[in-house]
Amino acid sequence: MTSVHLPRRFDTVTRTPDELDPLLIWPALALLLTGLVMVYSASIATAEGSAFTGHQSTYFLIRHAVYLLVGLLAGLVAFQIPLRFWQQLAPWAFLAGVILLVAVLVPGVGRMVNGAQRWIGIGPLTLQPSEFMKLFVVLYAADYTARKLTDMGSFRRGFVPIALVMALVGGLLLREPDFGALVVIVVIAMGILFLGGMNGRLFSFLIGAMMLTFAFLIYSSPYRWERIISYMDPWQHALSKGYQLSHSLIAFGRGEWFGVGLGASVEKLFYLPEAHTDFLLAVTAEELGFVGVVAVIGLFALLVQRCFAVGRQALLLERVFAGLTAQGIGLWIGWQAFINMGVNMGLLPTKGLTLPLMSFGGSGIVANCLAIAVLLRVDYENRRLMRGLPA
């Protein structure tokens, strides 16, 4: 019989029983507030120079602040919902996510930007279903694994059912196309299955198969292959496919140790595209320097570590769904942050993924806040159970 491998001891962070874990809440809040400041700094020139924004320098700041407020309010509501209801909701939330991914491809419903059809227009607002799908996949994969613990060693009974469902999601994401979201979602699902006790040999085989599949998808798509070529030598393609990466590297170089000062970035002055979204870290590096980038990386590392520590506590309490949900959130935030940072630093090919909790984007910020709220709820219920109280 396959089972979840539980650690021997509880995580030994000292705190009073009714406190919110400061090592969870403060890094998350610090990243959200740092993101607010850096989005404003990175977007001033773009906002002032665009007729779409009415040439208002605070256009993106105000919108990001509203998204952040909505996300915090949504998170406050989500924190009140017990984990048992999240588990019951998981399949239905996943189904709703699939329906939204289908809807975004319907002409007249989905909105196309820069050749990608990833958004649904709702009046003046836009909804990006793939951002919420990441949270829905965490909940669905955790629920699936919790129900199938005894089948995790079986390829046919444990892996095939969820693989078929994920193939459907992957096909819809590739139609948009949103290859970055697909990579994140596949890592979330596979990571949760592995943490839930998937057979090691089977997992290794699947990892190899997925790498070959991703390689084929890259090679068979001209624009993805061009990104790989430009990534290998961005300076040779500095005026074409390597434009973003070359200017991101220039921003990192200009920042040196302590940066040029908040608001003093040159690269954000129409040189670096997507400065307030995908390449926010590059502006942070230019203005706050190596020290600022290390601080951001440290906050993400601490947050991800706490995700796994909270999940470990839940597993010790035999709360499999709660434990895998917490660790799945850690996988999501950690992996997406790693990809975004790698792209900004030239360690990975250019890919359209935002920096979690920081980059501009309403759907992403709200989804991230909901995830942090669910994580805090897992920790809250763990502490109540440890005191002998009902969750």
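Note: the structure precedes this text.
Description of the structure in this document. If you're wondering where the values come from, they're calculated on a predicted model, not measured in any experiment.

We now examine the packing of helix H6 (residues 179-195) against helix H7 (residues 200-219). Following both chains from N to C, one finds H6 and H7 inclined at 175 degrees, their axes separated by 12 Å at the closest point. Of the possible angle classes, the one that applies to H6 and H7 is roughly antiparallel. For the pair formed by H6 and H7, the contact residues are Phe179, Leu182, Val183, Val186, Met190 and Phe194 on the first element and Phe203, Leu206, Met210, Phe214, Leu217 and Ile218 on the second.

Attention now goes to the environment of Gly49. Considering the arrangement of structural elements, one finds Gly49 in the loop between helix H1 (22-48) and helix H2 (59-79). The spacing of Gly49 and Leu269 is 220 residues in sequence and 9.6 Å in space, taken between C-alpha atoms.

All right, on to a nonpolar patch on the surface then. Residues Trp257, Phe258, Phe290, Val291 and Val294 make up a contiguous nonpolar surface patch of about 570 Å² in total accessible area. As for its placement among the helices and strands, Trp257 is situated in the loop between helix H9 (243-255) and helix H10 (280-316).

Let us look at the pairing of strand S1 (residues 110-113). Regular strands have side chains that alternate between both faces of the sheet. Where S1 lies against strand S2 (residues 116-122), 4 bridges are found, and the strand directions are antiparallel. In the sheet register, Met112 faces S2, and the bridge partner there is Gln117. In sequence, S1 turns back onto S2 through a hairpin of 2 residues, with Asn114 there showing a positive phi of about 55 degrees.

Look at helix H11 (residues 320-345): 37 Å from first C-alpha to last across 26 residues, which is about the 38 Å you get at 1.5 Å a residue. Counted residue by residue, H11 has 21 buried out of 26 residues, so it is predominantly covered.

What counts and what doesn't
- Counting restarts for each chain: residues are numbered from 1 in the order of the written sequence.
- Whole-chain, interface and lining totals are the exception, using all residues; otherwise, since this is a predicted model, local features are given only for residues with pLDDT of at least 70 and side-chain atom pairs are given and counted only at 80 or more.
- Excluded from the side-chain calculations are hydrogens and water; all other atoms, namely the structure's heavy atoms, are used.
- As a rule, the C-alpha atoms of each element are fitted with a line to give its axis, helices using only the stretch in contact, and angles between N-to-C directions run from 0 to 180 degrees.
- Secondary structure elements are taken from DSSP: a helix is a run of H or I of four residues or more, a strand is a run of E of two residues or more, and numbering for both begins at the N terminus.
- Any angle between 65 and 115 degrees counts as roughly perpendicular, while under 35 counts as roughly parallel, over 145 as roughly antiparallel, and the rest as oblique.
- Residue contacts are defined here by distance: any two heavy atoms, one from each residue, within 4.5 Å place the two residues in contact.
- What makes a patch is a set of residues exposed beyond 30% relative accessible area and free of salt bridges, joined within 9 Å when like-charged and within 5 Å when nonpolar (Val, Leu, Ile, Met, Phe, Trp, Tyr).
- Accessible surface area values rest on a Shrake-Rupley calculation with a 1.4 Å probe, where residue burial reflects the displayed protein chains alone.
- Salt bridge, as applied in this entry: a Lys or Arg side-chain nitrogen positioned within 4 Å of an Asp or Glu carboxyl oxygen.
- We call two strands paired when DSSP finds no fewer than two bridges between them.
- Given a helix with a known number of residues, its expected span is that number minus one, times 1.5 Å.
- Exposure categories follow from relative accessible area, calculated using a 1.4 Å probe and restricted to protein chains: below 20% of the type maximum is buried, above 50% is exposed, and the middle band is partly exposed.

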